[in-house]
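# Architecture and fold: a report
So you can see what is in the structure, the chains are spelled out below.
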Amino acid sequence: MELYKARSLESLAESYGISVVDGMDPTAHYILVREVFKHCRLDITDQPRIAINSCFARRDLPKNRPPARG
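Cut-offs and rules
- Residues numbered from 1 in each chain as written.
- Predicted model: local features only at pLDDT ≥ 70, side-chain atom pairs only at ≥ 80, totals over all residues.
- Heavy atoms only, no water.
- Helix = DSSP H or I, 4+ residues; strand = E, 2+ residues; numbered from the N terminus.
- Contact = heavy atoms within 4.5 Å.
- Areas by Shrake-Rupley, 256 points an atom, 1.4 Å probe, with all protein chains shown as cover.
- Core = buried A, V, L, I, M, F, W, Y, C linked by side-chain atoms within 4.5 Å.
- Buried < 20%, exposed > 50% of the residue type's maximum accessible area, 1.4 Å probe, protein only.
- Polar contact = N/O pair within 3.5 Å; in protein donor to acceptor, adjacent residues only side chain to side chain.
- pLDDT = per-residue confidence, 0-100.

In this section: the overall build of the protein chain. Of regular secondary structure, the protein chain possesses four helices and zero strands. Of the contacts made within the protein chain by residues no fewer than 6 positions apart, 41% connect residues no fewer than 24 positions apart. Of the roughly 5,400 Å² of accessible surface on the protein chain, 53% is carried by carbon and sulfur atoms.

L32, V36 and F56 are the most contacted members of the largest nonpolar core, which has 13 residues in total. Elements supplying a minimum of two residues to this core: α2 (9–15), α3 (26–40) and α4 (46–59). Residue contacts for L32: discarding those within four places in its chain leaves L9, A13, I18, S19, V20 and M24.

Position of R7 among the secondary structure elements: in the loop between α1 (2–5) and α2. In this structure R7 comes out as partly exposed when scored by relative accessible area, which is 34%. Ignoring any residue separated from it by four or fewer positions in sequence, one finds R7 in contact with E2, L12 and S15. Engagement of the side chain of R7 in a polar contact is seen with the side chain of S11, the distance being 3.0 Å.

Here E2 lies in helix α1. Between the alpha carbons of E2 and V33 there is a distance of 10.0 Å; along the sequence they are 31 residues apart. Beyond its immediate sequence surroundings of up to four residues, E2 is in contact with R7, S8, L9 and L12.

The next thing to look at is the confidence of the model for the protein chain. This prediction gives the protein chain a mean pLDDT of 78; 77% of its residues lie at or above 70. Looking at the elements of the protein chain, mean pLDDT is at its lowest for α1, recorded as 69, and at its highest for α2, recorded as 90.

Shown next as structure tokens:
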């Protein structure tokens, strides 16, 4: 998203009214990225949006289940 929008994650979060905390752990950072994407996904064209969505879908899979093929 940062590359597509040419803005830092912090700047994007701020523009959508999402709080950013210094020193976030990986889980908090992931949640921040996901929340920013929820706000800006309609501004992103289909192909990049599908790719970003795919990354979130893989991350959200239960740990003991392999990703679906197709």
